Amino acid sequence: MADSLFSTPAALDPTAGPQGSGAAGSPEQGPGHGSGEHAHGGYNLTGFVIFLASESLIFAALFAAYIVLKGSAPLWLPAGVEGLEVREPLINTIVLVSSSGVAWLAERALHRRQLVRFRLWWLLTMAMGTWFVVGQAREWLGLPFGLGDGVFGACFYLLTGFHGLHVITGVLLMALMLWRSFRPGNYDGGEAGVTSVGLFWHFVDVIWIVLFALLYLWQGR
Amino acid sequence: MTTTPIPFDPRTLRAPHPVPGAPDNWRRFFTFNTDAKVIGIQYIALALLFLLVGGLLAMIMRGELITPPADLVDPSVYNGLYTMHGTVMLFLFLFPILNGFNNLLIPPMIGAPDMAFPRLNALAFWMFPVFGVVLMASFLVPGGPASSGWWAYPPLSTQNPLGLLINGQFLWILAVAISGVSSILGAVNFCTTIIRMRAPGMGWFRMPIFCWTALAAQTIQLAGLPVLTAGAVMLLFDLSFGTSFFQPEGGGDPMLYQHFFWFYSHPAVYVMVLPVFGFFSEIFPVYARKPLFGYHVVAIASFGIVFLSLIVWVHHMFTSGTPQWMRHVFMVTTMLIAVPTGIKVFAWLATLWRGKLWLTTAMLFAMGGVFNFIFAGITGIMLATVPVDVHVGNTYFVVGHFHTVIFSTITFGVYAAIYHWFAKFTGRMLYEGLGKVHFVLTFVGAQLNFLPMHWAGLMGMPRRVASYDPEFALANVLASLGAFLLGVAMIPFLLNLVSSWVRGARAPANPWQAIGLEWLLPSPPPAENFEHDVPTVISGPYGYGLGHPLVADQERYEARLKEG
Ligand SMILES: [Cu+2]
């Protein structure tokens, strides 16, 4: 979805016009003149980076809420709850974070026009993302507290759930990119879609590292 | 969402000339059209419809307040009225109408054929009727619409006495959330367009001020809306799913919501006022026939405002149990905003100084808007001062100040923009006579409506009440008369818009002899603006009386307009 929306109809393709891409240009020069090939993808990437920057602030706000509430709540853990089990989530974390490296390998393969290798690495990234989501779901089902159990329960489920939605979105976007790689010649003019999804995936991973530290490592008060 | 591309051939959209009797090809305004100029008009028309809705709610309120007791509507209905009035005016009138102007003005002003992501643009627009309907539907649900004010502070906003999942507050949060998503998508589009699609030769400091202010305003959207969204999600969970983020009895913190809400909703005022500063900066040089005074400083001041607007929000919480040190810090940052805004005001006044003023309706509205803004700026500094705010913070003084900004400045600026650019984008001239009637009624109505509110507030009249002490009666009668006058002022305005578009005189390409890329296009501009013949910009904007051309080969572009 994101890719089809973040795209410019052929009629408006800047490569055809006198304008174009390139860096933002010097103060009196304007954004630069038709450098051709990558202009199309250039807009998409610019738009996507702006979007991710904005998206990261939702997480920043949720993290801030967590820190403030944890600092001020008179009762934090619900009655009978000692804390969160760290072992399984840690394995999950390692899988998710290393999937960023696998995604990078996939992007490199695509850049070198090794389409088969790209698909394999990409599929592995998707599998690791799916592993994470399944692990998260299993953890949810085994927990002794629910959404309504104090501020802690609310924060835990909101933060992990909102992040989990991003992981699922990422896997779906990767599936879309995989499907598009079977369209002949699809990646001849650049791979802005894959780059954007790759960027999204790294973003999701970095968010998780912060989240893991906040939820699982910082358990004392 | 499907990935099938929407069939799009701009050439089919370019009707040669409007046929007498109706705007050409009006059906396209009711379709998923990806042309920024169609989307712009869609935004503006629908936003004006909601202006009527919000205005109607306001007039019911003023009808209630014309006498001290609560006799026209029940006090609980009154709570719903002011909540919905504020929400409609901000989320369904001002944000969308300014997005409409972004769509109309940004691509032609920078010489781009369209927005960077036309389909995303259309998607963002079509969310507007969706959240409009969601919000309006809340009038029909049991228990009525949201009634906790447009701030929706918990724990008041998380009361759900009827226990229904679909209630007025639920729909309110849903509408605000959809509006937020739409605005973020729009902001991504506007920023990318301005950053990447400027004409050759148009460096940052050759860009019209409106594009500077639009970029600044959209930066605020990108920085602030995510925070509001996070707060709104937590509020929704508290309301509907039994969490206690903001409920003290469950260990939550209601102040946290206030921080989230105002972190966005203070800068939101700048999201609305910055583009209006852009309108003023575009309009004064045209009708004063002088270059904009201090162009560089005015451009940079926009981003000074962005920065400061993100660090002042606690001034709305001086009476919410905020620690004293925090009050002091935010009092100082709030007052600092007077510096960049003051710079702009002085630049406009210096532009007008010794200019040859051409008092068109657009110019009158722009001058009236700045006049009102200076007054609002002074009362703003008063409110920023902690000792004053503690006394008048929850009185009609704030209501008067806020409306002088939102209506008497921002809406005046929007009217000025409509009178200035209507001819460009419809190809028809507005009637100046009706326009001046509209201006006089609006100006008098606004002063009559909002000045007495300051007075009532200083005497101690609290806001958000349906009944009040008889000592405030005179101020309220005057304010109500002003409100009804503003209602009457809509008649010549709407009459002018409709009749001009249907049978007004044909507009030339440049009716105001203005300088700018958009005035080098025919009226209305073709679907892709300059298409592949984008001019190369060779000098800065607003070169009035300087005698140098704006673009290379200017004669050729001008000659082409005469042939057309
Ligand atoms: Cu404020």
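Residues numbered from 1 in each chain as written. Chains lettered and ligands numbered in written order. Predicted model: local features only at pLDDT ≥ 70, side-chain atom pairs only at ≥ 80, totals over all residues. Heavy atoms only, no water.

Asks: Tell me about the overall build of chain A, and please be specific about residues and values.
Replies: A count of helical and extended segments in chain A gives 6 helices and 0 strands. What you see in chain A, going N to C, is helices and strands ordered as α-α-α-α-α-α. Evaluated residue by residue, chain A yields a buried proportion of 52% over its 221 residues. For chain A, the proportion of contacts with a sequence separation of at least 24, taken over those separated by at least 6, is 75%. (Helix = DSSP H or I, 4+ residues; strand = E, 2+ residues; numbered from the N terminus. Buried < 20%, exposed > 50% of the residue type's maximum accessible area, 1.4 Å probe, protein only. Contact = heavy atoms within 4.5 Å.)

Asks: Any details on the overall build of chain B? Residues and values, ideally.
Replies: When helices and strands are tallied, chain B shows 16 helices and 0 strands. Oriented by its inertia axes, the alpha-carbon framework of chain B measures out at about 70 × 55 × 45 Å. For chain B, the residues scored as buried account for 64% of the 564 residues in total. Once local pairs closer than 6 in sequence are excluded, the contacts in chain B between residues at least 24 apart make up 82%. Accessible surface, chain B: about 19800 Å² in total, of which carbon and sulfur atoms supply 72%. Side chains of chain B give 26 positive and 23 negative charges; the mean places of these two sets differ by 10 Å. (Areas by Shrake-Rupley, 256 points an atom, 1.4 Å probe, with all protein chains shown as cover. Lys, Arg positive; Asp, Glu negative; His and termini not counted. Charge placed at Lys NZ, Arg CZ, Asp CG, Glu CD.)

Asks: Could you give an account of the coordination of the copper ion, naming the residues involved and the relevant values?
Replies: Six octahedrally arranged donors around a metal ideally form angles of 90 or 180 degrees; four tetrahedrally arranged donors ideally form angles of 109.5 degrees. Distances from the copper ion to its protein donors, H266 of chain B (ND1), H315 of chain B (NE2) and H316 of chain B (NE2), fall within 1.8 to 2.0 Å. Of note, the copper ion draws all its donor residues from one chain, in the sequence arrangement H-x48-H-H. (Donors = N, O, S within 2.8 Å, 3.2 Å for Na, K, Ca; no water.)

Asks: Account for the confidence of the model for chain A, naming residues and giving values.
Replies: Caution is warranted with low-pLDDT regions, since their predicted coordinates should not be read in detail. All names here are of chain A. For chain A, the average pLDDT comes to 82, and 79% of its residues sit at 70 or higher. Every residue in residues 7-30 scores below 50 in pLDDT, and together they form 80 contacts with partners more than four places removed in sequence or on other chains. Note on residues 32-41: pLDDT under 50 across the span, and 23 contacts to partners over four residues away in sequence or across chains. (pLDDT = per-residue confidence, 0-100.)

Asks: Could you give me a rundown of unusual backbone geometry, with the residues and numbers involved?
Replies: Residues and elements named next belong to chain B. The omega torsion of the bond from P154 to P155 falls at 5°, within 30 degrees of zero and hence cis. With respect to the helices, strands and loops of the structure, P155 is situated in the loop between helix 4 (118-137) and helix 5 (168-196). A cis amide bond, omega -10°, links S523 with the succeeding residue P524. Topologically, P524 is positioned in the loop between helix 15 (473-503) and helix 16 (554-563).

Asks: So what's going on with the side chain of D35 of chain B? Which residues, and what values?
Replies: All names here are of chain B. As for its placement among the helices and strands, D35 is situated in the loop between helix 1 (10-13) and helix 2 (36-65). The side chain of D35 is buried and forms no salt bridge, while K37, the nearest opposite charge, is found at 4.2 Å. A polar contact of 3.0 Å, which involves the side chain of D35, links it to the backbone nitrogen of K37. (Salt bridge = Lys/Arg side-chain N within 4 Å of Asp/Glu carboxyl O. Polar contact = N/O pair within 3.5 Å; in protein donor to acceptor, adjacent residues only side chain to side chain.)

Asks: Give me the nonpolar core: which residues, what numbers.
Replies: Judged by nonpolar contacts, the single largest core of 254 residues is most densely connected at W122 of chain A together with I97 and F279 of chain B. Among the elements that line this core, the one with the most residues is helix 7 (residues 254-288) of chain B, at 23 residues. (Core = buried A, V, L, I, M, F, W, Y, C linked by side-chain atoms within 4.5 Å.)

Asks: Could you give an account of the packing of helix 4 (residues 115-142) of chain A against helix 6 (residues 192-217) of chain A, naming the residues involved and the relevant values?
Replies: All names here are of chain A. Where helix 4 contacts helix 6, the two axes come as close as 13 Å, and the packing angle between them is 30°. As the angle between them shows, helix 4 and helix 6 are arranged roughly parallel. Of the two elements, helix 4 crosses helix 6, and the hand of that crossing is left-handed. Residues F118, W122, T125, G129, F132, Q136 and E139 of helix 4 form the contact with helix 6, whose own contacting residues are V194, V197, G198, W201, W208 and Y216. Among the residues forming the contact of helix 4 with helix 6, the class breakdown is 8 nonpolar, 4 polar and 1 charged. (Axes fitted to C-alpha atoms, helices over the stretch in contact; angles between N-to-C directions. Parallel < 35°, antiparallel > 145°, perpendicular 65-115°, else oblique. Left-handed = near helix turned anticlockwise from the far one by under 90°. Nonpolar A, V, L, I, M, F, W, Y, C, P; charged D, E, K, R; others polar.)

Asks: Kindly report on the packing of aromatic side chains, identifying the contributing residues and their values.
Replies: For the structure on display, the rule yields 71 aromatic pairs over all chains. Both rings, one in W76 of chain A and one in F152 of chain A, keep their centres 5.5 Å apart while their planes meet at 70°; by these two values the pair is edge-to-face. With W76 of chain A in the loop between helix 2 (39-72) and helix 3 (87-111) and F152 of chain A in helix 5 (residues 150-180), the pair connects residues that are 76 residues apart, well separated along the chain. Taken together, a centroid distance of 6.0 Å and an interplanar angle of 45° make the contact between F371 of chain B and F443 of chain B tilted. Taken together, the positions of F371 of chain B in helix 11 (residues 361-384) and F443 of chain B in helix 14 (residues 432-459) put the pair 72 residues apart, joining distant regions of the chain. We classify F371 of chain B as exposed; its relative accessible area is 54%. Taking relative accessible area as the criterion, F443 of chain B reaches 22% and is therefore assigned partly exposed. Of the aromatic side chains, those joined through ring pairs into one cluster are Y66, W76, F132, W140, F145, F152, F156, Y157, W208, F212, Y216 and W218 of chain A. The ring of F182 of chain A carries R119 of chain A above its face, with NZ or CZ at 3.9 Å from the centroid. (Phe/Tyr/Trp six-rings, centres within 6.5 Å; stacked < 30°, edge-to-face > 60°. Lys NZ or Arg CZ within 6 Å of the ring centre and 35° of its normal.)

Asks: Just give me the short version of helix 13 (residues 396-426) of chain B, but keep the residues and values in it.
Replies: Residue and element names in this part refer to chain B. Where helix 13 bends most, at H420, the angle is about 45°. For helix 13, a buried count of 29 out of 31 residues is recorded, marking the element as mostly surrounded by other parts of the structure. Where helix 13 begins, one side-chain oxygen reaches toward the backbone nitrogen of F397, 3.1 Å away; that side chain belongs to T395. Remark: G427 follows helix 13 within two positions and exhibits a positive phi of approximately 80°. (Bend = angle between axes of the 7 residues up to and from the residue.)

Asks: Explain the pattern of salt bridges to me, using residue names and the numbers behind them.
Replies: Should the charged atoms of two oppositely charged side chains come close, the side chains can pair. A full pass over the atoms with the stated rule returns 6 salt bridges over all chains. In this structure, E88 of chain A engages R87 of chain A in a salt bridge whose closest nitrogen and oxygen atoms are separated by 3.9 Å. Owing to a relative accessible area of 44%, E88 of chain A belongs among the partly exposed residues under this scheme. Overlapping salt bridges bring together D533, D553, R556 and R560 of chain B as one network.

Asks: Pulling in residues and values, what's your account of a nonpolar patch on the surface?
Replies: Residues and elements named next belong to chain B. A surface patch of nonpolar side chains, about 400 Å² in accessible area, is lined by V297, V332, L336, V339 and I343. Of all elements in the fold, only helix 9 (324-336) and helix 10 (338-352) reach the threshold of two or more residues within the nonpolar patch. With respect to the secondary-structure elements, V297 resides in helix 8 (residues 295-309). Given the relative accessible area of 44%, V297 is considered partly exposed. (Patch = residues over 30% accessible without salt bridge, like charges linked within 9 Å, V, L, I, M, F, W, Y side chains within 5 Å.)

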